[in-house]
Amino acid sequence: MKKIGRLDRPDNFGSAQMFQNPILERISRTHIMIPITMFLVLAGISIYYALKTSIGIGLGLLILFVGYISFTLVEYLMHKYFFHMEPNTPIKDKLQYSVHGVHHDYPKDKDRLAMPPFVSAAYAAIFYLVFKLIMGDFAYYFLPGFLIGYASYLGVHYIVHAFNPPKNFLKILWVNHAIHHYKDPDKAFGVSTPLWDMILGTMPKKD
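Values in this document were obtained by computation on a predicted structure and should not be read as measured data. Numbers given to residues run from 1 along each chain, matching the order in which its sequence is written. The model is predicted, so local features are restricted to residues of pLDDT at least 70 and side-chain atom pairs to those at 80 or more, both for listing and for counting; the totals for chains, interfaces and linings are taken over all residues. Water and hydrogen atoms play no part in the side-chain values, which are based on all heavy atoms of the structure.

Caption draft 1: Fine view of unusual backbone geometry. Of note in this structure, Ala 188 is not a glycine but carries a positive phi near 60°. Relative to the helices and strands, Ala 188 is located in the loop between helix H7 (171-182) and helix H8 (195-200). Each helix corresponds to a stretch of at least 4 residues labelled H or I by DSSP, and each strand to a stretch of at least 2 residues labelled E; elements are numbered beginning at the N terminus.

Printed below as a string of structure tokens:
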């Protein structure tokens with residue numbers, strides 16, 4: 001198995017201490033509902049302003065859907081190429097472990113299944129500025145779709161680690177993520193959807 005973290009095998013019961021300073025250690029953790037709520041509230045605010053533009057509802061909903069699908073692609077690409085970067089320098093090694101390797105070492109640590117709130121807020125602000133610069137008023141519809149996608153990713157990521165798989169079509173999300181963590185970290189990079197794994201050839205093979 002390709003090694004992503006620093007432990008010989010994942011520890012499903014432990015938690016890493018990332019910082020010696022207790023304040024930094026505390027703010028490196030977050031309850032999953034804090035960023036989810038933050039993104040959904042910001043999405044709602046953006047939709048409020050979107051409705052004040054001259055963009056029609058039909059076109060707006062289409063743009064919102066495109067924003068959602070765009071997030072799922074960004075989720076896939078970030079997971080594959082940033083979170084799983086080759087840690088071939090000391091800086092890359094520290095960065096990769098801090099943002100993702102620690103999660104592979106301690107996959108059941110519920111307090112580290114999302115970025116801290118201040119990081120999430122910074123992401124949301126950057127997304128808004130970039131989308132507004134590129135799209136103008138269309139960003140007010142695109143941003144909510146993107147943020148709803150981000151919130152759904154966080155929610156799915158939490159429940160696949162915290163709960164047993166259901167006996168329905170959603171079970172594939174649990175199975176794929178378990179394969180990614182415990183069998184083949186070079187497969188199943190999509191968490192909220194297997195769409196891009198299917199399109200880009202990283203779906204786990206059926207035994």
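Now, onward.
Caption draft 2: Main features of the packing of helix H4 (residues 90-105) against H7. An axis is simply a line fitted to the C-alpha atoms; with a helix, the fit covers only the stretch in contact. Between two such axes, the angle follows the N-to-C directions and lies from 0 to 180 degrees. Two elements in contact, H4 and H7, have axes separated by 9 Å at closest approach and are oriented at 95°. Taken together, the axes of H4 and H7 are roughly perpendicular relative to one another. Across the interface between the two elements, His 100, His 103 and His 104 from H4 touch His 177, His 180 and His 181 from H7. In this classification, the charged set is Asp, Glu, Lys and Arg, the nonpolar set is Ala, Val, Leu, Ile, Met, Phe, Trp, Tyr, Cys and Pro, and all remaining amino acids, among them Gly, are polar. Counted by class, the contact of H4 with H7 contains no nonpolar, 6 polar and no charged residues. Just so you know how the angles are binned, under 35 degrees is roughly parallel, over 145 roughly antiparallel, 65 to 115 roughly perpendicular, and the rest oblique. Contacts: residue pairs with any heavy atoms within 4.5 Å of one another.

Caption draft 3: Fine view of the nonpolar core. By convention a nonpolar core is built from buried Ala, Val, Leu, Ile, Met, Phe, Trp, Tyr and Cys residues, the set being connected through side-chain atoms within 4.5 Å. To sort residues, take the accessible area from a 1.4 Å probe on protein chains only and compare it with the maximum for the residue type: under 20% means buried, over 50% means exposed, and anything in between is partly exposed. Counting residues in hydrophobic clusters, the biggest one holds 31 residues, and the most contacted among them are Ile 32, Phe 39, Phe 127, Phe 131, Tyr 150, Tyr 153 and Leu 154. Taken together, the elements giving at least two residues each to this core come down to helix H2 (33-50), helix H3 (57-83), helix H5 (117-135), helix H6 (139-162) and H7. With 14 residues, the single largest contributor to this core is H6. Other than its neighbours up to four places away in sequence, Phe 127 contacts Leu 143, Phe 146, Leu 147 and Tyr 150.

Everything listed here is a matter of geometry and, on its own, says nothing about what the molecule does.
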